[in-house]
Structures are given as structure tokens and as C-alpha cells.
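# Coordinate inspection notes
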Amino acid sequence: MRKCLVAACFASLATTFLLPPAGWGQQKPPPPNPNAPNLAPPFPLGMQRGTTSDVVLTGTNLANPKGVWAGFPGTAVITKEDKNGTDNAKLKV
């Protein structure tokens, strides 16, 4: 019984230390897109339910937006008035 326990411990330790981790064979992830938009915290941070509000997004690479994704139900409209969407650092939604 004791020999069996020692053999099992030895086998588990040998496989733990002799087999390389799975991460060694994985490829590195691709670098992030340098032209991707980077957002600063939005303002305002919150609003009352059922009302409308203008949210100003600031950051870098914000010119020519295609759309806005939100993790809550609602509608986001990117207006074209006052040259909105042409500035790289500011976007009004």
C-alpha cells in the first residue's frame, strides 16, 4: 500500500515538473491597432432614466465614427452639426 502511494506521488510530481506548461507553445496575441479609438471617461457619468442627454466623449482617434456601442438599452445618435465627428479628440453623442 505504501509503495503504491509513493509511486503515485512520484508519478504526479514527475509529470508536473517534466511536462512544459501549455502557455509555452501558444502564440503571442497581435499588438493592438494604433488607429483604434482610445476613450477618456465619458461625461456625464450618469443620468435619470427616461430622459435624453448629450454625452461628450473625449480621447484620441475619434474622427469619422461608424457607430457607438453601449452595454445598456438605448439609442445613440452621432449628429453631424457643428462639424461633430471631424475632431480627433472630441465626439458628441
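On a predicted model such as this, the values are computed, not experimentally measured, just so you know.

### Some details on the pairing of strand β2 (residues 56-60)
As a general feature of sheets, a regular strand has side chains that alternate between the two faces. Sheet analysis places strand β1 (residues 38-39) next to β2, joined by 2 bridges and oriented antiparallel. Each bridged residue has a counterpart across the sheet, and for L39 the counterpart in β2 is G59. Across 3 bridges, β2 lies against strand β3 (residues 90-92) in antiparallel orientation. Note on β3: the bridge partner recorded for T58 is K90.

### Considering unusual backbone geometry
In this structure, N61 takes a positive phi of about 60° despite not being glycine. Within the secondary structure layout, N61 lies in the loop between β2 and β3. According to the relative accessible area criterion, N61 is partly exposed, its value standing at 27%. In this structure, N64 takes a positive phi of about 55° despite not being glycine. Its place among the elements puts N64 in the loop between β2 and β3. Classification of N64 as exposed rests on a relative accessible area of 58%.

Analysis parameters
Residues numbered from 1 in each chain as written. Predicted model: local features only at pLDDT ≥ 70, side-chain atom pairs only at ≥ 80, totals over all residues. Heavy atoms only, no water. Pairing = 2+ DSSP bridges. Helix = DSSP H or I, 4+ residues; strand = E, 2+ residues; numbered from the N terminus. Buried < 20%, exposed > 50% of the residue type's maximum accessible area, 1.4 Å probe, protein only.

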